[in-house]
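# Observations on the three-dimensional arrangement
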Amino acid sequence: MGVEYLSEAALFVCPFGMQYKAVEPGNQKAYHQGQKMLTQAARLVPAQPPIPCPLLPTPAGPLPCPCIVAPPLFDTVIHSAKGPLVTKKAWALCSVGQKVTPQLSGTNGHILYNNAASAKVAAIAWPEHKTAEPEKPAGQDVALSASRGITRALAATLAPIAAPSDKLELSPERGETLPQPLSQPAEAEAAPRPGMFCSCSANQPECRDCAYRQDNAPADVDNDSRQLRDNYNAAKPHADSYDVYFDETVEPLGNGKPNKWRYAAHHLLSGNQVFKNNSELVRLARFCGYDINAYENCIMLVGYPEDYPDSERMKHVTAYDVMSEGRVQWHVGGHSYTFADAEEKAMICKQIGIRNKIAIGPEEIKSYAELVQEEIDRLTDRLNNKKNRDLVCFASKQAQAQLCAKLNRISQKIKAKLAAFAEEGKPHHSFPYYVSKEAYRFTYGLPRTGKVITVLQENGQIVLAKYRLERFTEAIADKTRNLLIKPGAAQTFSLSDNNWKRECVGFCDNVQYFVYLDGASRNILPFSVDSNRQFPPDSRHTGRDGRKFLDDNNTELLVWLKDNSPNEYVSPAVMVKKRLQELGEAVN
């Protein structure tokens, strides 16, 4: 969809009905249907005689509109024309602080110019008011002082317009008279609220009496998770395949294991983080009967278990265990997350490229809240475009139902993405919609492979065994584990052998992660091992069967590998040389 730009045929209006036309003196390149497109050189001039402004009251009635539009016009794009083009979102302020916005674009549709980009525009020009110095009638100073919020500078600007002058030479015989002030600003009361999504007309009684136009209450959103859950349960038995999976598999699975997890009724359109930030859409949805807590806006996810751990590391372990076993996204942690670590973002982007075949940069990683906001922005853009080209009214039940259906379609689109997480071994099918940072990490941020060595010490010997840990599709599809444990070579070293240390260094090559079983000293190896790469990090019973211990703690091992990944790869030859030097042995 293109961007709608303004031409010289554009019509601007203030909230009280004063109309302005645009004049483009500079642009000689960009045209549409014979009309010049507006650039930053454009200026606004009155398109009608001045009307009384209710914000300029005096004892004799409101003063006429000064018809001065102050710069700048906002929202433009850079184009090959001699300045940024002005879009349909442009607006300016008049001298009494009211927004003047385009009612008609003059282009009657969307136009997309090549090489357009966002830009901020300098001040546009506005018409000069060249009038002779008038004589002030008696009482003029009193009237101006009584005006609320008019500065002395503004009063000086208004005086030539508000009072007749000898040099103006008005002739009543020829019908030349100043506009008469209104006794009551009735037109101002009927003016539509700025930003409304309907083509409200101040001249139509049905518009003046419309509950949507009269809704100036705070744009509050009753985002109630309990009510959402109740509405979800009331819709049972469900026909949606994901809901059936959750009802028949995930919920019984959690209930069958004490303290395993709790369930979270998630608003697909987030009421607090997204929806309530769009106040005009909230009012329209309220008028049309949209319920953000309805079943159509719900998906069931998993959250805090009753025994949720205190340590950050074990919180990650719990989240990945639950997602692995239930194949449902983890709800905990907020929906406006960010990834601060540059290396983690780089890994995520790399994995998105591998798994989704999509090239993405770190700056393109978006949170769930950002993605939902983009969906809402697209909807509001469509509503605005329709309003600006047609007569749009939401008074009919059909129009109200259509608005609710549009919102529900957005929810259905997001739900389909979140539901794809349940596909065996394919959580990447949810891209780019992940409700939490841990759901994103579970899919893309965990290491794909790792190497560890178990250390067992007994009877004057140490037994070292190598294992390769892998996390690929088959591991993710296996609901009981997050890693595949593949055994490698093993070797026994006698502590009484003079060469055991050198042989041990050669066996370990560049492995940096060691798992110490019961009875093994953390200092038994002949070279130093970073404490962060010694597992388990606490004192606990591990048993003497290394393979079984790795299997039983595979998710914690995965988190341990993620949290302590090396900054750079070190080759086996370089690592062996370094460790032999640490032993004090000469290295050729």
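Rules used in this analysis
- Residues numbered from 1 in each chain as written.
- Predicted model: local features only at pLDDT ≥ 70, side-chain atom pairs only at ≥ 80, totals over all residues.
- Heavy atoms only, no water.
- Helix = DSSP H or I, 4+ residues; strand = E, 2+ residues; numbered from the N terminus.
- Expected span 1.5 Å × (residues − 1).
- Bend = angle between axes of the 7 residues up to and from the residue.
- Buried < 20%, exposed > 50% of the residue type's maximum accessible area, 1.4 Å probe, protein only.
- Contact = heavy atoms within 4.5 Å.
- Polar contact = N/O pair within 3.5 Å; in protein donor to acceptor, adjacent residues only side chain to side chain.
- Axes fitted to C-alpha atoms, helices over the stretch in contact; angles between N-to-C directions.
- Parallel < 35°, antiparallel > 145°, perpendicular 65-115°, else oblique.
- Left-handed = near helix turned anticlockwise from the far one by under 90°.
- Nonpolar A, V, L, I, M, F, W, Y, C, P; charged D, E, K, R; others polar.
- Pairing = 2+ DSSP bridges.
- Phe/Tyr/Trp six-rings, centres within 6.5 Å; stacked < 30°, edge-to-face > 60°.
- Core = buried A, V, L, I, M, F, W, Y, C linked by side-chain atoms within 4.5 Å.
- pLDDT = per-residue confidence, 0-100.
- Salt bridge = Lys/Arg side-chain N within 4 Å of Asp/Glu carboxyl O.
- Disulfide = S-S within 2.5 Å.

### As for helix α7 (residues 241–255)
Between its terminal C-alpha atoms α7 stretches 20 Å, which fits the 21 Å expected from 15 residues at 1.5 Å a residue. Along α7, the helix axis deviates most sharply at Asp247, where the bend reaches about 35 degrees. Along α7, the positions that sit buried rather than exposed are Tyr242, Asp243, Tyr245, Phe246, Asp247, Val250 and Gly254. Check the buried side of α7 and you find it contacts α6 (225–234), β12 (262–267), β13 (298–303), α9 (312–326) and α12 (397–419). Near the N-terminus of α7, the side chain that reaches the backbone nitrogen of Tyr242, with its oxygen 3.0 Å away, is that of Asp240.

### Quick word on the packing of helix α8 (residues 279–288) against α12
The contact between α8 and α12 brings their axes to 9 Å, and the two run at 125 degrees. The angle between the axes of α8 and α12 places the two elements in the oblique class. Here α8 and α12 pass one another in a crossing that is left-handed. Between α8, through Leu281, Leu284, Ala285, Phe287 and Cys288, and α12, the contact on the second element is made entirely by Gln400, Leu403, Cys404 and Leu407. Taken together, the residues that form the contact of α8 with α12 break down as 8 nonpolar, 1 polar and no charged.

### Brief notes about the side chain of Ser367
In this structure, Ser367 sits in the loop between α10 (342–356) and α11 (368–389). Setting aside residues no more than four positions away along its own chain, Ser367 makes contact with His335, Ser336 and Tyr337.

### Observations concerning the sheet that holds strand β17 (residues 513–516)
The mixed open sheet is built from 5 strands, whose spatial order is β16-β15-β14-β17-β18. Among the strands making up the open sheet, the edge pair consists of β16 (484–494) and β18 (534–535). Contacts from helix α15 (residues 500–508) reach β14 (449–458), β15 (461–470), β16 and β17, with the element oriented near 165 degrees to β16.

### Description of the environment of Pro432
You can see Pro432 is positioned in the loop between α12 and α13 (437–445). Pro432 sits in the partly exposed class, given a relative accessible area of 22%. Residue contacts for Pro432: discarding those within four places in its chain leaves Lys366, Leu371 and Tyr440.

### A look at the packing of aromatic side chains
Per the counting criterion, the structure on display carries 19 aromatic pairs. Both rings, one in Tyr440 and one in Tyr444, keep their centres 5.8 Å apart while their planes meet at 55 degrees; by these two values the pair is tilted. With Tyr440 and Tyr444 both in helix α13 and 4 residues apart, this pair spans about one turn of that helix. By relative accessible area, which is 1% here, Tyr440 ends up buried. You can call Tyr444 buried: its relative accessible area is 1%.

### Considering the nonpolar core
Counting 96 residues, the largest nonpolar core has Phe275, Tyr368, Phe394, Leu407, Ile414, Tyr440 and Val515 as its most contacted members. Here the element with the most residues in this core is α12; it accounts for 8 residues. Other than its neighbours up to four places away in sequence, Ile414 contacts Leu268, Leu269, Tyr368, Val372 and Tyr433.

### Section: the confidence of the model for the chain
Confidence along the chain averages 80 in pLDDT terms, with 79% of residues attaining 70 or more. Overall, residues 176–190 carries pLDDT values under 50, and its contacts beyond four positions in sequence, including any with other chains, amount to 27 contacts.

### What about the environment of Leu11?
Here Leu11 lies in strand β1 (residues 11–13). Look past the residues within four positions of Leu11 in its chain and what remains in contact with it is Gln19, Tyr20, Ala47, Thr101, Pro102, Gln103 and Leu104.

### Quick word on the pattern of salt bridges
Enumeration according to the criterion identifies 21 salt bridges in this entry. The salt bridge involving Asp563 is made with Lys562; its shortest N-O contact spans 2.9 Å. Among the residues examined, Asp563 registers a relative accessible area of 40% and is labelled partly exposed. When salt bridges with common partners are traced through the structure, they connect Arg313, Asp538, Arg540 and Glu556 into a single cluster.

### Description of the state of the cysteines
Here the structure, examined in full by the defined rule, presents 0 disulfides. No disulfide involves Cys508; its nearest neighbouring cysteine sulfur is the one of Cys504, lying 4.1 Å away. Classification of Cys508 by relative accessible area gives buried; the value is 0%.

### Description of unusual backbone geometry
Cis geometry marks the peptide bond from Phe431 to Pro432; its omega dihedral reads 0 degrees. Cis geometry is found at the peptide bond from Phe535 to Pro536, where omega equals -5 degrees. Here Lys357, not a glycine, exhibits a phi torsion of approximately 60 degrees, which is positive. Positionally, Lys357 belongs in the loop between α10 and α11. Notably, Asn459 is not glycine yet its phi reads approximately 50 degrees, a positive angle. One can find Asn459 in the loop between β14 and β15.

### Points about the environment of His266
Position of His266 among the secondary structure elements: in strand β12. With residues up to four places along the chain from it excluded, the contact list for His266 reads Leu228, Asn297, Cys298, Ile299, Leu301, His331, His335, Tyr368, Leu418 and Val435.

### Points about the packing of α11 against α12
At a minimum axis separation of 11 Å, α11 and α12 run at an interaxial angle of 150 degrees. Here α11 is positioned roughly antiparallel relative to α12, judged by the angle of their axes. For the element pair α11 and α12, the recorded crossing hand is right-handed. Contacts between α11 and α12 involve Tyr368, Val372, Glu375, Ile376, Arg378, Leu379 and Leu383 from the former and Leu403, Lys406, Leu407, Ile410, Lys413, Ile414 and Leu418 from the latter.

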